[in-house]
Amino acid sequence: MQLIQETPDLSAYLVADEAVDHHHPLVRERAAELARSVANSYEYARAAFEFVRDTIPHSQDSGDLRVTWRASDVLEQRTGICYAKAHALAALLRAEDIPTALCYQKLDVVHGLVAVRFNGAWHRQDPRGNKPGVDAQFSLDGERLAFTPDPASGETDWPVLYATAHPVVLDALKSADDRPHLWETLPTAL
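Reading the values: rules and limits
- Residues numbered from 1 in each chain as written.
- Predicted model: local features only at pLDDT ≥ 70, side-chain atom pairs only at ≥ 80, totals over all residues.
- Heavy atoms only, no water.
- Axes fitted to C-alpha atoms, helices over the stretch in contact; angles between N-to-C directions.
- Helix = DSSP H or I, 4+ residues; strand = E, 2+ residues; numbered from the N terminus.
- Parallel < 35°, antiparallel > 145°, perpendicular 65-115°, else oblique.
- Left-handed = near helix turned anticlockwise from the far one by under 90°.
- Contact = heavy atoms within 4.5 Å.
- Nonpolar A, V, L, I, M, F, W, Y, C, P; charged D, E, K, R; others polar.
- Buried < 20%, exposed > 50% of the residue type's maximum accessible area, 1.4 Å probe, protein only.
- Pairing = 2+ DSSP bridges.
- Polar contact = N/O pair within 3.5 Å; in protein donor to acceptor, adjacent residues only side chain to side chain.
- Arc of directions from axis to C-beta.
- Salt bridge = Lys/Arg side-chain N within 4 Å of Asp/Glu carboxyl O.
- Core = buried A, V, L, I, M, F, W, Y, C linked by side-chain atoms within 4.5 Å.

(A) Representation of the packing of helix α2 (residues 41-55) against helix α5 (residues 82-95) within the structure. Relative orientation of the contacting elements α2 and α5 amounts to 155°, with a least axis distance of 10 Å. Here α5 runs roughly antiparallel to α2, going by the angle between their axes. The crossing of α2 and α5 is right-handed. Here Y44, A45, A48, F49, F51, V52 and R53 of α2 lie close against α5, whose contacting residues are K85, A88, L89, L92 and L93. In the contact of α2 with α5, the residues fall into 10 nonpolar, no polar and 2 charged.

Here it is, written out as structure tokens:
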């Protein structure tokens, strides 16, 4: 699949915004901690991915009823669904000047992930969190995502790389009182 930048301006994929708030002290602190333990930006990207994937439980898997959407809140509360975890990973990567896009798949509902830019190409990564039947891995040599869409079921990968979280996703997260409410209102299309 050919990934398509929403904007040709690569600097747009480094910007902080309300969801990817990488200027927040909590994000900066975590980014600095992760950066101290690695030798280069590739290792940093992998460490940030593994941190979000492995230490921030997906709220559906853990049974957490809280809804987070801002990267700093995800890091503080240590919970989030796929979109929120993607916002947290994007913030950690952008904090270290790694261009990062938000991207989506159409499964039963819209699923959120990120793409990182290395060596002149975009590479999608899925920090959702592993569980039986889900084995997402950081990879620059071919995708190792949590899910593979089934076109026969109407599922698809959307090729657009967004510089900011899609408004439909943000609206769903912001308007949810709790995770059960969010589950009833998850977007099925962008």
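(B) Layout of the pairing of strand β3 (residues 110-118). Among the 9 residues in β3, 8 count as buried, and that is most of the element. For strand β2 (residues 100-106) and β3, the ladder comprises 7 bridges, and the chain directions are antiparallel. Residue pairing in the sheet places A101 in a bridge with A115 of β3. Connecting β2 to the antiparallel partner β3 that follows it, the hairpin turn spans 3 residues. Pairing of β3 with strand β4 (residues 121-125) involves 5 bridges; the strand directions are antiparallel. Bridging across to β4, R117 finds its partner in W122. Once β3 ends, the chain turns through 2 residues before running back antiparallel as β4, passing N119 with a positive phi of about 55°.

(C) A look at the side chain of T79. Within the element layout of this structure, T79 appears in the loop between α4 (71-77) and α5. Within the structure, the side chain of T79 is placed 3.5 Å from the side chain of D64, a separation counted as a polar contact. If we ignore the near neighbours within four places in the chain, the residues touching T79 are I56, P57, S59, D64, R66, T68 and V74.

(D) Quick look at helix α6 (residues 167-175). What α6 keeps buried is the set V169, L170, A172 and L173. Angularly, the buried residues of α6 cover 160° about the axis, an arc narrow enough to put them on a single face. Seen from the buried face of α6, the exposed residues on the opposite side, beyond 90 degrees, are P167 and D171.

(E) Molecular detail of the pattern of salt bridges. Following the criterion strictly, the structure yields 10 salt bridges and no others. Two residues, D64 and R66, come together in a salt bridge whose shortest N-O distance is 2.7 Å. What you see here is one network of salt bridges that share partners, running through D61, R128 and K131.

(F) How the structure looks around the nonpolar core. The biggest cluster of nonpolar side chains holds 46 residues, and the ones touching the most others in it are Y44, Y83, L92, L93, L102 and Y104. Put simply, the parts of the chain that give this core at least two residues each are α1 (25-36), α2, α4, α5, β2, β3 and α6. Looking at this core element by element, the count peaks at 11 residues for α5. Beyond its immediate chain neighbours, meaning those up to four positions away, L102 contacts V20, A86, H87, A90, L113, V114, V160, L161, Y162, T164 and A165. Judged by nonpolar contacts, the second largest core, of 11 residues, contains A101, L145, L161 and A163.

(G) Spatial organisation of the sheet that holds strand β5 (residues 156-157). Spatially, β4-β3-β2-β5 is the arrangement adopted by the 4 strands of the open sheet, whose pairing is antiparallel. Pairing within the sheet leaves two strands with one partner each, and these edge strands are β4 and β5. Strand direction decides the pairing type here: β2 and β5, joined by 2 bridges, are antiparallel. The residue bridging Q105 from the neighbouring strand is D157, located in β5.

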